[in-house]
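Summary of the model geometry
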Amino acid sequence: MQEFFKAEKIAENVYWVGAVDWNVRNFHGYETGRGSTYNAFLVIDEKITLIDTVKAPFVDEMLARIRSVVEPEKIDYIISNHAEPDHSGALPATIAAVKPEKVFVSALGAKALGAYYGDLGWTTVKTGDSISLGKGTVSFVETKMLHWPDSMVSYLDSAKILFSQDAFGMHLAGSKLWADEYPKYILEYEAGKYFANIINHLAQKIIDLLDALPGLKLDIQMIAPDHGPLWRRPEDLAWILEFYRKCALQAPVPHALVAYATMWHSTERLANAIADGIRSTGVEVKVADLAVNDRSSVMTEVAKSGLIVFGAPTMNNQMFPAMADVLTYVKGLRPRNKIGMAFGSFGWSGEGARQIAAELTAMGAEQPFEAFQVKYMPTTDDLKAAFEKGAELGRALLSRCEK
Ligand code: FEO
């Protein structure tokens, strides 16, 4: 009897057979400080079915977990809900090992998986289709562009589980499988970080999906995402659905971010003065030096802030490059409902803060003030003015929050 890499039962005849990636710290540029998991699920029925696979290096771990329940060759069906390689990387090796009767994917999944791995014999399904496994039936709902064109979710009626691929997941490695076994502050931070960095730009689609969910008439008693812990208690299911709505709406809240890059500490001094001004109004503020805060952590704070203030010096007629990196990333994730301000120091040309202001405009951020700039090093009067700008921004945010 195999004693390691065992499957974990999550419902009658349903097992978690995924992998834990304890030490991943950079997930295509997303800083994963708590590691991640790649969740895959095995359904034992007349048609034995594997739902999703894992990242390629973890295929042996997944197959070992499957083997603790059933020989992989006995698997009849594979369902691939999402083509991104963290879930499909192990698919070619799994298909080779299992030789399944069918591999179910969306039509756009067949295109994406075909581009990655060639034609491995995909069977396409669409919203409204279902397949019988014997006692249970799996129904499919395409969730195009949530967050890839191919994305879909599947629902197993016999266990009342929604297999939601990336949705409702988070990068969180751990020994525990269930969300109710982790402190809420960790779930809130990691689910929020995941939302901010993976699907923030798709906020309206999230709202549309949440609105459509009751109409699908699925009796969902468990949500099993492809990353992080699974949701099983009714109160936790309600919490994550409501949390997603809140993240998607991004209503102004009294929280601010001051993010800056600095060369000789001038912009840093301005950042701290502005932040202190914001703080003086009662608004909670975070200050992030881009030298030690990666873009995904900054985006996490952007998503939860009603006020975003970005500062950088001018270098070679451009904003300092670290700021350009972060702003390109943040803009692509389309933050909503923000007040903003640009600031920075310069020596002779001064394009940096003006370029930041243009990026804030491109994000749709309301900017009550012109870019705040100082030459070389801020004077005491400059720092007082920066403090006052921060205080005015804080008050402007509070007035929005009260509406
Ligand atoms: Fe976890 Fe979009 O892949």
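Shown above is the structure to which this text applies.
An account of the accompanying structure is given in this report. (Residues numbered from 1 in each chain as written. Predicted model: local features only at pLDDT ≥ 70, side-chain atom pairs only at ≥ 80, totals over all residues. Heavy atoms only, no water.)

Here's the deal with the pattern of salt bridges
In the structure shown here, the tally under the stated rule is 19 salt bridges. Notably, a salt bridge pairs lysine 304 with glutamate 301, separated by 3.7 Å at the nearest N-O pair. Judged by relative accessible area, lysine 304 falls into the partly exposed class, the value being 34%. Here glutamate 301 falls in the buried class, since its relative accessible area comes to 8%. (Salt bridge = Lys/Arg side-chain N within 4 Å of Asp/Glu carboxyl O. Buried < 20%, exposed > 50% of the residue type's maximum accessible area, 1.4 Å probe, protein only.)

Side note on a nonpolar patch on the surface
A contiguous nonpolar patch, built from Trp348, Tyr376 and Met377 and spanning about 430 Å² of accessible area, is present on the exposed surface. In this structure, methionine 377 sits in the loop between strand E23 (372-375) and helix H12 (380-402). (Patch = residues over 30% accessible without salt bridge, like charges linked within 9 Å, V, L, I, M, F, W, Y side chains within 5 Å. Areas by Shrake-Rupley, 256 points an atom, 1.4 Å probe, with all protein chains shown as cover. Helix = DSSP H or I, 4+ residues; strand = E, 2+ residues; numbered from the N terminus.)

A few points about unusual backbone geometry
Across the chain, the bulk of peptide bonds are trans and the bulk of non-glycine residues have phi less than zero. With an omega dihedral of 0°, the bond running from leucine 146 to histidine 147 counts as a cis peptide bond. With respect to the helices and strands, histidine 147 occurs in the loop between strand E13 (137-142) and strand E14 (152-156). Its identity as a non-glycine residue notwithstanding, lysine 217 has a phi of 55°, on the positive side. Structurally, the position occupied by lysine 217 is in the loop between helix H6 (203-212) and strand E16 (222-224). Notably, asparagine 317 is not glycine yet its phi reads approximately 65°, a positive angle. When you line up the elements, asparagine 317 lands in the loop between strand E20 (314-315) and strand E21 (318-319).

Brief notes about the side chain of threonine 37
Tracing the chain through its elements places threonine 37 in strand E6 (residues 36-38). A relative accessible area of 5% means that threonine 37 is categorised as buried. A distance of 2.7 Å separates the side chain of threonine 37 from the backbone nitrogen of glycine 228, its partner in a polar contact. Apart from the residues lying within four places of it in its own chain, the contact partners of threonine 37 are Ala19, Val20, Asp21, Leu172, Ala173, Asp226, His227 and Gly228. (Polar contact = N/O pair within 3.5 Å; in protein donor to acceptor, adjacent residues only side chain to side chain. Contact = heavy atoms within 4.5 Å.)

Looking at the environment of aspartate 219
Relative to the helices and strands, aspartate 219 resides in the loop between H6 and E16. Residues aspartate 219 and tyrosine 155 lie 64 residues apart in sequence; the distance between their C-alpha atoms is 9.2 Å. Residue contacts for aspartate 219: discarding those within four places in its chain leaves Tyr155 and Lys160. A polar contact of 3.5 Å, which involves the side chain of aspartate 219, links it to the side chain of glutamine 221.

Function-wise, these values are silent; they only describe arrangement.
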